[in-house]
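Coordinates in review
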Amino acid sequence: MFSWKTPKYVEEDIQRTQKAIEEACGQRPTLFRPPIGHVSTRTAAGAKKAGVTLVAWSAKGRDGLKNADPEKVLERLQAGVEPGAILLLHDAAGRDDFTPVAIEELPGLLAAIKAQELPIVPLESFLEEVKA
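Keep in mind that what you see is a predicted model, and the values were worked out from it rather than measured.

1. Concerning the environment of A50
- Secondary-structure assignment places A50 in helix α2 (residues 41–50).
- Given the relative accessible area of 12%, A50 is considered buried.
- Residues A50 and P7, 43 residues apart in the sequence, show an inter-C-alpha distance of 9.5 Å.
- Beyond its immediate chain neighbours, meaning those up to four positions away, A50 contacts E11, I14, Q15 and Q18.

Listed below in structure tokens is the structure:
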């Protein structure tokens, strides 16, 4: 229910996360995908105050669901592979109680992208190109 939080809460939550990631990796994130992709006016206002760009996706495999079928996940993601696509994948479960199947299916997905001769680029670079 993150989208119900106040703009101040959203701003502070993003800033805490940015600080933790910067301390761990040496890079401060500038992009933010709200939980479950829900964006309310409160979320948007808090993200703006935190100085991040809101991002979403064009295709999702539903890999973040417990007991997701790996073949169906791959099928959904492959169907979304096209120029300019942003694919939603998870590297961990929300409660760390399972491993999302996208990790298992990543080699197949990368092969599908390669077969279409599409480049894989960092999201920041892609967004900069889109703005230009």
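2. A closer look at a nonpolar patch on the surface
- A surface patch of nonpolar side chains, amounting to about 320 Å² of accessible area, comprises L89, L106, L110 and I120.
- Of note, I120 is situated in the loop between α4 (102–115) and α5 (123–131).

3. Quick word on the nonpolar core
- With 9 residues, the main nonpolar core is built from A68, V73, L74, L77, V81, V101, L109, I113 and L118.
- Every element with two or more residues in this core is listed here: α3 (70–79) and α4.
- Ignoring anything within four residues of it in the chain, the contact list for V101 reads D63, A68, P70 and V73.
- F32, A47, A50 and V52 belong to the second largest nonpolar core, which has 7 residues in total.

4. Looking at the packing of aromatic side chains
- Tallied over the full model, the rule gives 2 aromatic pairs.
- With centroids separated by 6.0 Å and ring planes inclined at 50°, the aromatic side chains of F2 and F32 adopt a geometry described as tilted. Here F32 lies in strand β1 (residues 31–32) and F2 lies in the segment before α1 (7–25), a separation of 30 residues in the sequence.
- In this structure F2 comes out as buried when scored by relative accessible area, which is 14%.
- Taken together through their ring pairs, the aromatic side chains of F2, Y9 and F32 make up a single cluster.
- Sitting over the ring of Y9, K5 keeps its end group 4.9 Å from the ring centre.

5. Some words on α4
- Taking 1.5 Å of rise per residue, 14 residues should cover 20 Å, and α4 covers 19 Å from first to last C-alpha, within 8% of that figure.
- The axis of α4 is deflected most strongly, by about 30°, at G108.
- Within α4, the full set of buried residues consists of A102, E105, L109, A112 and I113.
- The inward-facing, buried residues of α4 contact α3 and β4 (87–88).
- E117 lies just past α4 and shows a positive phi near 55°.

Cut-offs and rules
- Residues numbered from 1 in each chain as written.
- Predicted model: local features only at pLDDT ≥ 70, side-chain atom pairs only at ≥ 80, totals over all residues.
- Heavy atoms only, no water.
- Helix = DSSP H or I, 4+ residues; strand = E, 2+ residues; numbered from the N terminus.
- Buried < 20%, exposed > 50% of the residue type's maximum accessible area, 1.4 Å probe, protein only.
- Contact = heavy atoms within 4.5 Å.
- Patch = residues over 30% accessible without salt bridge, like charges linked within 9 Å, V, L, I, M, F, W, Y side chains within 5 Å.
- Areas by Shrake-Rupley, 256 points an atom, 1.4 Å probe, with all protein chains shown as cover.
- Salt bridge = Lys/Arg side-chain N within 4 Å of Asp/Glu carboxyl O.
- Core = buried A, V, L, I, M, F, W, Y, C linked by side-chain atoms within 4.5 Å.
- Phe/Tyr/Trp six-rings, centres within 6.5 Å; stacked < 30°, edge-to-face > 60°.
- Lys NZ or Arg CZ within 6 Å of the ring centre and 35° of its normal.
- Expected span 1.5 Å × (residues − 1).
- Bend = angle between axes of the 7 residues up to and from the residue.

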